[in-house]
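Per-entry structural report
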Amino acid sequence: MKKSVNVITFSLLVFTGSILTSCQSDSKKMENAQENVQEAKQDLNEAKQDANAEAQKIADAEAWKVFKTEANEKIRTNDERISELKVKMKKSGKVMDSVYEKKINNLEEKNNELRAKLDAYDKNQSNWEAFKTEFNHDMDELGNAFNDLTVDNKK
């Protein structure tokens, strides 16, 4: 009997303690609800950012594939133009001026540097937009150098 009284007393104490600790004022419940809403909004924003970042990575990967294909084609075309210039230089009966030969070698070197830059980025992709801008600028400069080489400024 004493044991059952102790169990009942203990149960009443636990029950009373849980009721007292679980009773919160309306303002406290409102604060907790607002905190929960804020946390849910923050989680939603983080999930959106993660989804956007993943979509950007996928878009960048596709853009990289297209860009790489186009850049390799331009580099291959430049190789052909350089080969043609070298053949033209050798076929002409006159001795080409050493400046012209140096310019052709310089073009070949720049073209090889662009190929190396493209391969290096492929292995270590970092800032896509900056790389794309710089690479296109360098490719345009090389194209202008080809055009300048074929123009005869001597009059």
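Located above this text is the structure these notes cover.
Let me begin by describing the structure that accompanies this report. (Residues numbered from 1 in each chain as written. Predicted model: local features only at pLDDT ≥ 70, side-chain atom pairs only at ≥ 80, totals over all residues. Heavy atoms only, no water.)

1. Quick word on the overall build of the protein chain
Assigned secondary structure in the protein chain consists of four helices and zero strands. Each helix and strand of the protein chain, ordered N terminal to C terminal, gives the series α-α-α-α. Within the protein chain, the proportion of its 155 residues that are buried is 15%. For the protein chain, contacts bridging at least 24 residues in sequence account for 72% of all contacts bridging at least 6. Summed over all atoms, the accessible surface of the protein chain reaches about 12200 Å², with 54% contributed by carbon and sulfur. (Helix = DSSP H or I, 4+ residues; strand = E, 2+ residues; numbered from the N terminus. Buried < 20%, exposed > 50% of the residue type's maximum accessible area, 1.4 Å probe, protein only. Contact = heavy atoms within 4.5 Å. Areas by Shrake-Rupley, 256 points an atom, 1.4 Å probe, with all protein chains shown as cover.)

2. Topic: the nonpolar core
Core analysis: the biggest nonpolar cluster contains 21 residues, and Trp64, Phe67, Ile104, Leu107, Leu118, Phe131 and Phe135 have the highest contact counts within it. In terms of residue count, helix α4 (residues 128-150) provides more of this core than any other element does, eight residues in total. (Core = buried A, V, L, I, M, F, W, Y, C linked by side-chain atoms within 4.5 Å.)

3. Remarks on the pattern of salt bridges
Taken as a whole and judged by the stated rule, the model has seven salt bridges. Here glutamate 62 makes a salt bridge to lysine 65, at a shortest N to O gap of 3.9 Å. Placement of the pair is glutamate 62 and lysine 65 together in helix α2 (residues 26-91), with a separation of three residues, close to one helical turn. Notably, a salt bridge pairs arginine 115 with aspartate 79, separated by 2.3 Å at the nearest N-O pair. Of this pair, arginine 115 sits in helix α3 (residues 98-123) while aspartate 79 is found in helix α2, placing the two residues 36 residues apart along the sequence. A network of salt bridges, in which partner residues are shared, links Glu73, Arg76 and Glu80. (Salt bridge = Lys/Arg side-chain N within 4 Å of Asp/Glu carboxyl O.)

4. Quick notes on the packing of aromatic side chains
Taken as a whole, this structure holds seven aromatic pairs when the rule is applied. A ring pair is formed by phenylalanine 67 and phenylalanine 131, whose centres lie 6.2 Å apart and whose planes are at 75 degrees; its orientation type is edge-to-face. Of the two residues, phenylalanine 67 is situated in helix α2 and phenylalanine 131 in helix α4; the sequence distance between them amounts to 64 residues. Residue phenylalanine 67 is classed as buried on the basis of its relative accessible area of 7%. By relative accessible area, which is 10% here, phenylalanine 131 ends up buried. (Phe/Tyr/Trp six-rings, centres within 6.5 Å; stacked < 30°, edge-to-face > 60°.)

5. Let's talk about α3
With 26 residues, α3 should cover 38 Å at 1.5 Å per step; its first-to-last C-alpha distance of 38 Å lies within 8% of that length. For α3, the set of buried residues is Tyr100, Ile104, Leu107, Asn111, Leu114, Leu118 and Tyr121. (Expected span 1.5 Å × (residues − 1).)

6. Focus on the environment of glutamate 113
By the element assignment, glutamate 113 lies in helix α3. Residue glutamate 113 is classed as partly exposed on the basis of its relative accessible area, which comes to 47%.

7. Focus: the side chain of asparagine 111
By the element assignment, asparagine 111 lies in helix α3. Side-chain polar atoms of asparagine 111 contact the backbone oxygen of isoleucine 75, separated by 3.2 Å. A polar side-chain atom of asparagine 111 sits 3.2 Å from a polar atom in the side chain of asparagine 78. (Polar contact = N/O pair within 3.5 Å; in protein donor to acceptor, adjacent residues only side chain to side chain.)

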